[in-house]
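Coordinate analysis (summary)
Here are the chains, one letter per residue:
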Amino acid sequence: MVKDIGMHKMILYSFLIGILFLFVGCGVSNTNAKKGFVAYLKEHHNNKYEIITFERNFNAANMDPNLYWVELALKENLKVVINFEWDAKDKALCVSSHDTEDRSIKALTDYQKQEIVLREELYEVLDEDVLSVDINVFNHSISISLKSEPTFNKFHYFSNKIGNVLDKYPNIWTREAHIDFKIEREEKGFYELIVKPTAYNDSTELYRYKQNAIVANNYGSVKAENIDYIIRKEFSKPNSPVFLSNIWVNQKDLNSFYIAFEKHEPRKRLEKNQPLTEVVGMYLVEMNYPNLKKKNLTYYDYKTTDKDDIFLYLFSQLPQDYQYLIADL
């Protein structure tokens, strides 16, 4: 029986690999694709770029054998490196239809130049505790690596320093900055600081952040993993697991949280291709870090509470010290 299962898996994998090769074979050849791209650079960009990477990017997600992943370095300044997907058939950059930003090679280059200027200036004004700074102008995000988590006073220090730099570039930084603070070896920091440049007008936005708002990330950090572990250990039951959904941090006490996590129960009727459990409600618990002892616990059953608007509803129930938005909910 085991051998039969193994044989069936091998046949299935071989079939899928064959399908992938068939799709790839239908695309523009690597030689012709690169030749066409080199010609494009020569015609439209006067050979300003050095090709670092040009490789087919076909996968199960895009199912397009004509897509290539490209990395270019600007010859006059090799620090300027841009990357994008290239459609070898249409001889054009592959850009999502939902993307409203200019994603041309020139625009990507200009943004990368701006990121380098901003990164160097931030390095100059920030203290020695900063290990690295990464900037994404498109997403208006900044990631800062530190030796240890910032204190409340440090958040204000970073806000003032970074805000002063961003105010110099109102045409580049046109929204609030989302600043992620991570310690060494973390994928993502637990705390995210919101800094709003002086020239930024968010009066027409549906939801507006308070200046220096502190938002908690649910994944990627040691603290988020610890919280997730404690929540699952404390509240999960056999056949009825819970899953961390959101964390709200006290804007005056960085180690006080309200934590939302979903409750699952076994399905009463299990249909084909459905998971064994279904979401039935949401818990909201108040806890302090690092002991994470339960202080207040409330359960919202989806039979009586609207699941679609649950997060806005929970946010409206939080004490004032946890509110980081200006907008009325």
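Quick caveat, the model's predicted, so the values are computed rather than measured.

This paragraph deals with the packing of aromatic side chains. Counted under the stated rule, the structure contains 21 aromatic pairs. With a centroid separation of 4.8 Å and 85 degrees between ring planes, the pair formed by Tyr 258 and Tyr 322 is classed as edge-to-face. A residue pair is termed long-range when its members are at least 10 positions apart, and Tyr 258 in strand β11 (residues 256-266) and Tyr 322 in the segment after α6 (310-317) qualify at 64 residues. Each member of the aromatic cluster is reached from another via a ring pair, and the members are Phe 155, Tyr 157, Phe 158, Phe 181, Phe 190, Tyr 191, Phe 257 and Tyr 289. One residue, Lys 154, lies across the ring of Tyr 157, its end atom 4.6 Å from the ring centre. It is Lys 223 that lies over the ring of Tyr 289; its NZ or CZ is 4.7 Å from the centre.

All right, on to the nonpolar core then. Grouped together as the largest cluster of nonpolar side chains are 44 residues, with contacts concentrated most on Ile 144, Ile 227 and Ile 259. For this core, the element with the highest residue contribution is helix α4 (residues 152-166), accounting for five residues. For Ile 227, the residues in contact, after removing those within four places along its chain, are Phe 190, Leu 244, Ile 247, Phe 257, Ile 259, Tyr 289 and Leu 292. One finds Val 70, Val 80, Phe 84 and Phe 138 within the second-largest nonpolar core, a separate group that totals 19 residues.

What follows is about the environment of Gln 274. For Gln 274, the position within the fold is in the loop between β11 and β12 (277-288). A relative accessible area of 32% means that Gln 274 is categorised as partly exposed.

A few words now on the sheet that holds strand β4 (residues 92-93). With antiparallel pairing, four strands are arranged side by side in an open sheet as β1-β2-β3-β4. The outermost strands of the open sheet, each flanked by one partner alone, are β1 (49-56) and β4. Note: strand β3 (residues 77-87) against β4, two bridges, orientation antiparallel. Bridged to Trp 86 within β4 is Leu 93. Contacts from helix α2 (residues 30-45) reach β1, β2 (67-74) and β3, with the element oriented near 150 degrees to β1. Each of β1, β2, β3 and β4 touches helix α3 (residues 105-125); the most contacted strand, β3, lies at about 140 degrees to it.

Before going further, it helps to spend a moment on unusual backbone geometry. At the junction of Tyr 289 and Pro 290, the peptide bond is cis and its omega measures out at 10 degrees in the coordinates. Mapped onto the elements of the fold, Pro 290 is located in the loop between β12 and β13 (294-301). A positive phi angle, close to 55 degrees, is found at His 140, a residue other than glycine. When you line up the elements, His 140 lands in the loop between β5 (130-136) and β6 (141-146). In this structure, Asn 239 is a non-glycine residue whose phi angle is positive, near 65 degrees.

In this section: the pairing of β12. Counting buried residues along β12, nine of its twelve residues qualify, which places the element largely inside the surrounding structure. Sheet topology places β12 next to β13; seven bridges connect them, and they run antiparallel. Bridge assignment links Leu 284 to a residue of β13, and that residue is Thr 298. With antiparallel pairing between neighbouring strands as the criterion, β12 and β13 make up a hairpin whose turn holds five residues, including Leu 292 at a positive phi of roughly 50 degrees.

This part covers the environment of Asp 167. Mapped onto the secondary structure, Asp 167 falls in the loop between α4 and β7 (177-183). When its relative accessible area of 32% is taken as the criterion, Asp 167 is described as partly exposed. Residues Asp 167 and Tyr 200, spaced 33 residues apart in sequence, show a C-alpha to C-alpha distance of 9.2 Å. One polar contact links the side chain of Asp 167 to the main-chain amide nitrogen of Thr 198, over a distance of 2.8 Å.

Conventions used here
Residues numbered from 1 in each chain as written. Predicted model: local features only at pLDDT ≥ 70, side-chain atom pairs only at ≥ 80, totals over all residues. Heavy atoms only, no water. Phe/Tyr/Trp six-rings, centres within 6.5 Å; stacked < 30°, edge-to-face > 60°. Helix = DSSP H or I, 4+ residues; strand = E, 2+ residues; numbered from the N terminus. Lys NZ or Arg CZ within 6 Å of the ring centre and 35° of its normal. Core = buried A, V, L, I, M, F, W, Y, C linked by side-chain atoms within 4.5 Å. Buried < 20%, exposed > 50% of the residue type's maximum accessible area, 1.4 Å probe, protein only. Contact = heavy atoms within 4.5 Å. Pairing = 2+ DSSP bridges. Axes fitted to C-alpha atoms, helices over the stretch in contact; angles between N-to-C directions. Polar contact = N/O pair within 3.5 Å; in protein donor to acceptor, adjacent residues only side chain to side chain.

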